[in-house]
Amino acid sequence: MAFGSRGDPESRAFAPAGPTGNVLPLLQVAEAPRHVLWVIDPSPTERVVYVSPSFERIWGRPPGALYADPREWVTGIHPDDREHVRAAYDHWVQAPRERTYDIEFRVVRPDGTERWIHDSGHAVVSASGALQLTGIAEDITDRRRDEDALREQQRYFREMTESLTQLVWATRPDGHADYLSPQWVQYTGVPAEQQYGDGWLMQVHPDDRPAVAVAWRSAVRDGVPYAVEMRLRRHDGVDRWFMARGCPLRAISGEIRHWYGTSTDIDDLKRANAELQRERDRFAMVAKTSPSAVHTLRRSADGVYTVDFGLERFAEMYGVDLAEVEGNALLAFAARIHPDDLPMLSESVERSRREGTPWRREYRIRHPERGERWIEAHSMPVQEPGGATVWHGTLTDVTERREAESRIRSLNAELEARVAARTAELQTAVQELEAFSYSVSHDLRAPLRAIDGFSQVVLKDFGPQLPETGQRYLNIIRDSAQKMGQLIDDLLAFSRLGRQSLTRRPVDTSMLVREALDTLAPMRQGRVVDVRIGELPPSDCDPAMLRQVWINLLSNALKYTRNRTEACVEVGFDGPEFYVRDNGAGFDMKYAHKLFHVFERLHRVDEFEGTGVGLAIVQRIVERHGGAVRVEAAPDQGAAFYFRLGEAETVG
Amino acid sequence: MNNVEILVVEDNPCDLEMTLRGLNTARLANHVHVARDGEEALEFIFCEGRYAERRIEMAPKVVLLDLKLPKIDGLEVLARMKGDPRTQAIPVVMLTSSQEQVDLVRSYALGVNSYIVKPVNFESFVKAVQDLGFYWLLLNQPPAAAG
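From a predicted model like this one, the values you see are computed outputs, not experimental measurements. (Residues numbered from 1 in each chain as written. Chains lettered and ligands numbered in written order. Predicted model: local features only at pLDDT ≥ 70, side-chain atom pairs only at ≥ 80, totals over all residues.)

**Student:** What is the right way to look at the overall build of chain B in this model?
**Tutor:** A tally of regular secondary structure across chain B gives five helices and five strands. A separation threshold of at least 6 residues defines the contact pool for chain B, and within that pool the share at least 24 residues apart is 68%. (Helix = DSSP H or I, 4+ residues; strand = E, 2+ residues; numbered from the N terminus. Contact = placed C-beta atoms within 7 Å.)

Shown next, in the form of structure tokens:
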């Protein structure tokens, strides 16, 4: 409600009304450019007593109209605000002492521009004792604009705050939390109201809570930035690590107005760091406990060598004092290397660098305490951008190993010499045996031939002159000579088996069996023998030798079934074993162990002829094929011989 | 001495007598000459030493050669005969007590024409000698490519 005008006599009259000393300051207020001072007499009829001249500039209307119509000011109010303002003013005017009038509204000036006005009024008692209404209408357009801008800025900051991934918070200067961003609420799942003040501390992991509380309190007390790591409990009960940072916001005077802060989720980072640390610890532990010196050697682009990792073990390996290693490490280490090995080492390191190939060398060093040691070095070069080369690798003291190796080598050499000597002895023995059997085969038979031959001559030329007994004796002499000849032949065949070399190949077993039966055809002459041959898989064997096995087994079967009217010989394959079964004389199994020995027989010669070598030959051939032979028999129930062949030759 | 048809090289008197008896029975004994060791056999065949007056052209029709002989053994005699163009066509029958594979193999490698293992049984032996004697003697002209 604004009024008054300059040059109005009554307004002037108002001014002098106060004590002379007060006039000037009051006028200054009344005529301040952004304020309109107004004075109204409410009764007996509402009348404007004074209105500041600034009314015209703010309202864009002449103040004179106000004196005519005290409500003229209302017409300038923005239509949207007008009724509301009028109602508020009317309400106040009815009981101005009891009520207040304080309102903001817009004024539309005739040129269409708008101004914001803050208007307020009070009831006062004039010098004459009458009730007067007075007030100030202030042009607050600029302030409103500033406030709008501020609100806009606040909205902008809030949006920005709430779009951050961090949890954002703010507290009063005393540390009492009064803002927690929606992210905070969403993360904790606890309503913000429960967390204001110190309530948020309940979301901190119990183990971290005391330290966080202390850090926060001391930051608040000292007014210094706050930074602390803590675990915050998520809505689902999972604790995650956060980094909280806060800063005080100070007024120009220096006093703290507010604290602002963020809490950043560093859980993944922290886990990764922890894993990295564990890796480092593991590696350090491995490097530390390894008998080798695990190290990293660097050669800079300009040729300076340094040990980047594992220097301590590296130096210890060489017996170099750590103090000596400063500067170019290579010099200190090279001084320890055996002069004979040094050129080879430099050359090979250089080649490894040039070609990027792994470096592996054994060389000697002269250790000040341990003497000459052998070092085995393994490393892999990595070229770095900028021209440096880094070798990651190990150094191992292999002196003991080399000594052990050389002991083993000399033992081996000794052993080989011994084996060679034994082999030579054995060869001599074998040669002697061969010479022996050669001479047996020639020389032992010659006298037998003479015995047999001349007995024959005597019988032929002088037979009629001899008594019958004499003739019978001569025949016995001949039989014996021939038997001895057979013995010698069988024995030689048996001894030859051990020396003969074995040539194994897959052989049709059925064919071997048929060939053997063909050879033995004379034994079946004049007899009825039921020979049954089952399915026989091929054999991996020396065919000449295996043929002998079949011949011996089948001839036994034919021989011992000789007295059977229905002789039956069965050949077959069962599991890994071939077998020959007959229904012949058989024998008692308690003698089975003797069966395969040379010259061992279970039947008398006048029952079944034989030298007792056949089964020994079978066993030896089968054993040379890595196999085994066995027998099942019973007296008068026949016998069954089983044999299987093995993979490789066994010496025996 | 020059019309010898069978040369028997044998050191064992028993075996020799058996052999001669066998040849005799077969009526082949007329032109048999006996050498008692390898050295004598070679002198006879090559007309050297005590047989220097012999003419090499009058070669025996067949040689029955024992394998084991004093001084020079049968295999060497065989080697020398088969290694000389003048004598390599003479048929050689190796007689041996041995069934050693190695002897057999070497004899055939050296070009032996036949190989008999002397059995203990005298009759078989005589039979073998007779058969061989006949076989080679009946072929008037020894086969040039024999061996």
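**Student:** Would you mind going over the overall build of chain A with me for this structure?
**Tutor:** A count of helical and extended segments in chain A gives 19 helices and 22 strands. The buried share among the 652 residues of chain A stands at 26%. Long-range contacts, defined as pairs at least 24 residues apart, comprise 49% of the intrachain contacts of chain A with a sequence gap of at least 6. (Buried ≥ 20, exposed ≤ 12 C-beta atoms within 10 Å, placed from the backbone.)

**Student:** Is there a simple way to think about the pairing of strand β2 (residues 32–35) of chain B in this case?
**Tutor:** Look at any regular strand and the pattern is simple: side chains alternate between the two faces of the sheet. Residue and element names in this part refer to chain B. In terms of strand pairing, strand β1 (residues 6–9) meets β2 through four bridges, oriented parallel. Bridge assignment links Val9 to a residue of β2, and that residue is Ala35. A crossover links β1 with its parallel partner β2, the connecting element being helix α1 (residues 13–25), and its sense is right-handed. (Pairing = 2+ DSSP bridges. Right-handed = clockwise from strand over helix to strand, strands pointing away.)

**Student:** Would you take a moment to explain the interface of chain A and chain B for this structure?
**Tutor:** One frequent convention defines the size of an interface as the accessible area lost when the parts assemble. Contacts between the two partners involve 15 residues from chain A and, on the opposite side, 14 residues from chain B. For the side of chain A that touches chain B, a count of residues per class yields five nonpolar, six polar and four charged. (Nonpolar A, V, L, I, M, F, W, Y, C, P; charged D, E, K, R; others polar.)

**Student:** What is the right way to read the sheet that holds strand β19 (residues 567–574) of chain A from this model?
**Tutor:** Two orientations exist for strands paired in a sheet by backbone hydrogen bonds: parallel and antiparallel. Residue and element names in this part refer to chain A. Strand order across the open sheet formed by five strands is β17-β19-β20-β22-β21, with mixed pairing between neighbours. Two strands close off the open sheet at either side, each with one partner strand: β17 (529–533) and β21 (628–634). Strand-to-strand twist across the sheet, computed as the mean angle between neighbouring axes with direction ignored, equals 10°. Pairing of β19 with strand β20 (residues 577–582) involves six bridges; the strand directions are antiparallel. Bridge assignment links Val569 to a residue of β20, and that residue is Asp582. Seen against the sheet, helix α18 (residues 543–560) touches β17, β19, β20 and β22 (638–644) and runs at an angle of roughly 20° to β20. (Axes fitted to C-alpha atoms, helices over the stretch in contact; angles between N-to-C directions.)

**Student:** What am I meant to see in the environment of Cys247 of chain A here?
**Tutor:** All names here are of chain A. Looking at the element boundaries, Cys247 is found in strand β9 (residues 239–250). By C-beta crowding, Cys247 is classed as partly exposed, having 15 other C-beta atoms within 10 Å. In this structure the C-alpha to C-alpha distance between Cys247 and Ala219, which are 28 residues apart in sequence, comes to 9.0 Å. Setting aside its immediate chain neighbours within four residues, Cys247 contacts Pro225, Tyr260 and Gly261.

**Student:** I would appreciate a short explanation of helix α2 (residues 38–46) of chain B in the present structure.
**Tutor:** Every α-helix winds through 3.6 residues per turn, so residues three or four apart in the chain are directed the same way. Residue and element names in this part refer to chain B. For α2, the complete set of buried residues consists of Gly38, Glu40, Ala41, Leu42, Phe44 and Ile45. Summarising the contacts, the buried residues of α2 are in contact with β1, β2 and α3 (74–82). One or two residues past the end of α2 sits Cys47, with phi positive at roughly 55°.

**Student:** Help me out: how do you make sense of helix α13 (residues 342–355) of chain A in this one?
**Tutor:** Over its 14 residues, α13 of chain A extends 20 Å from the first C-alpha to the last, a length consistent with the 20 Å expected when each residue adds 1.5 Å. Residue Gly356 of chain A follows α13 of chain A closely and has a positive phi angle near 70°. (Expected span 1.5 Å × (residues − 1).)

**Student:** What is the right way to read the pairing of β9 of chain A from this model?
**Tutor:** Residue and element names in this part refer to chain A. The pairing of strand β8 (residues 226–233) with β9 spans eight bridges and is antiparallel. When the sheet's bridge partners are listed, Val228 is paired in β9 with Ala244. Connecting β8 to the next strand, β9, in antiparallel fashion are five residues, including Gly237 with a positive phi near 90°. As defined by bridge partners, β9 adjoins strand β10 (residues 256–265) across nine bridges and the pair is classed as antiparallel. Its bridge partner being in β10, Phe242 is matched across the sheet by Asp265. Counting the residues that bridge the hairpin from β9 to β10 gives five residues, and of these Gly254 lies at a positive phi of roughly 100°.

**Student:** I would appreciate a short explanation of the sheet that holds strand β5 (residues 114–117) of chain B in the present structure.
**Tutor:** All names here are of chain B. Spatial ordering of the open sheet is given by β2-β1-β3-β4-β5, a layout of five strands whose pairing is parallel. The sheet is open, and its two edges are formed by β2 and β5, each paired on a single side. On average, adjacent strands in this sheet sit at an angle of 20° to one another, irrespective of strand direction. Its contacts with the sheet place α2 against β1 and β2, and it is angled at close to 135° to β2.

**Student:** Explain the packing of α2 of chain B against α3 of chain B here, please?
**Tutor:** If you want to describe how two helices pack, look at the angle between their axes and the distance between the axes. All names here are of chain B. Look at α2 against α3: their axes get within 9 Å of each other, and the N-to-C directions meet at 20°. One finds that α2 runs roughly parallel with respect to α3. Of the two possible hands of crossing, α2 and α3 adopt the one that is right-handed. Every residue of α3 that contacts α2 at Gly38, Ala41, Leu42 and Ile45 is listed here: Gly74, Glu76, Val77, Arg80 and Met81. Considering only residue class, the contact of α2 with α3 consists of five nonpolar, two polar and two charged. (Parallel < 35°, antiparallel > 145°, perpendicular 65-115°, else oblique. Left-handed = near helix turned anticlockwise from the far one by under 90°.)

**Student:** I'm lost on the confidence of the model for chain B in this one. Help?
**Tutor:** When pLDDT is low, close inspection of the predicted coordinates is not appropriate. Residue and element names in this part refer to chain B. When pLDDT is averaged along chain B, the result is 80; 84% of the residues meet or exceed 70. The element-level mean pLDDT for chain B is lowest in helix α5 (residues 122–138), coming to 69, with α3 highest at 92. Note that pLDDT drops below 50 for residues 140–147; the model gives that stretch 12 contacts with residues more than four away or on any other chain. (pLDDT = per-residue confidence, 0-100.)

**Student:** What exactly am I supposed to notice about the nonpolar core here?
**Tutor:** The tendency in soluble globular proteins is for nonpolar side chains to be buried as a group. Core analysis: the biggest nonpolar cluster contains 37 residues, and Trp550, Leu553, Leu554, Val580 and Val618 of chain A have the highest contact counts within it. Where this core is concerned, the elements lending two or more residues are α16 (509–519), α18, β19, β20, α19 (614–624), β21 and β22 of chain A. Here this core takes nine residues from α18 of chain A, the largest share from any one element. The contacts of Leu554 of chain A, once residues within four sequence positions are left out, are Ala516, Leu517, Leu520, Val569 and Val580 of chain A. Formed by 32 residues, the second largest nonpolar core is a distinct cluster that contains Leu23, Phe44, Ala59 and Ile90 of chain B. (Core = buried A, V, L, I, M, F, W, Y, C linked by C-beta atoms within 7 Å.)

**Student:** I tried to follow the environment of Val32 of chain B on my own but got confused; where do I start?
**Tutor:** All names here are of chain B. With respect to the secondary-structure elements, Val32 resides in strand β2. For Val32, a count of 18 C-beta atoms within 10 Å translates into the label partly exposed. On a C-alpha basis, the gap between Val32 and Leu7 in space is 5.8 Å, while along the polypeptide they are 25 residues apart. Leave out the neighbours within four places in its chain, and Val32 touches Ile6, Val8, Leu20 and Leu23.

**Student:** Would you take a moment to explain unusual backbone geometry for this structure?
**Tutor:** In most cases, non-glycine residues show a negative phi, while peptide bonds are predominantly trans. Residues and elements named next belong to chain A. Omega for the bond connecting Ser43 with Pro44 falls within 30 degrees of zero, at 5°, which places this linkage in the cis form. Mapped onto the elements of the fold, Pro44 is located in the loop between β1 (35–41) and β2 (47–51). At Asp636, a residue that is not glycine, the phi angle is positive and equals roughly 65°. Relative to the elements of secondary structure, Asp636 occurs in the loop between β21 and β22.

**Student:** What should I look at first to understand the confidence of the model for chain A in this one?
**Tutor:** For chain A, the mean per-residue pLDDT works out to 86, and 94% of the residues sit at or above 70. Contacts of residues 1–23 of chain A to residues separated by more than four positions or lying in other chains number 50 contacts, the stretch itself having pLDDT below 50.

**Student:** When you look at the packing of α3 of chain B against helix α4 (residues 101–110) of chain B in this model, what are you seeing that I'm missing?
**Tutor:** Residues and elements named next belong to chain B. The geometry of α3 relative to α4 is characterised by a closest axis approach of 9 Å and an angle of 15° between their N-to-C directions. When the interaxial angle is binned, α3 and α4 end up roughly parallel. The interaxial crossing formed by α3 with α4 has left-handed handedness. Residues Leu75, Leu78, Ala79 and Lys82 of α3 form the contact with α4, whose participating residues are Arg106, Ser107 and Leu110.

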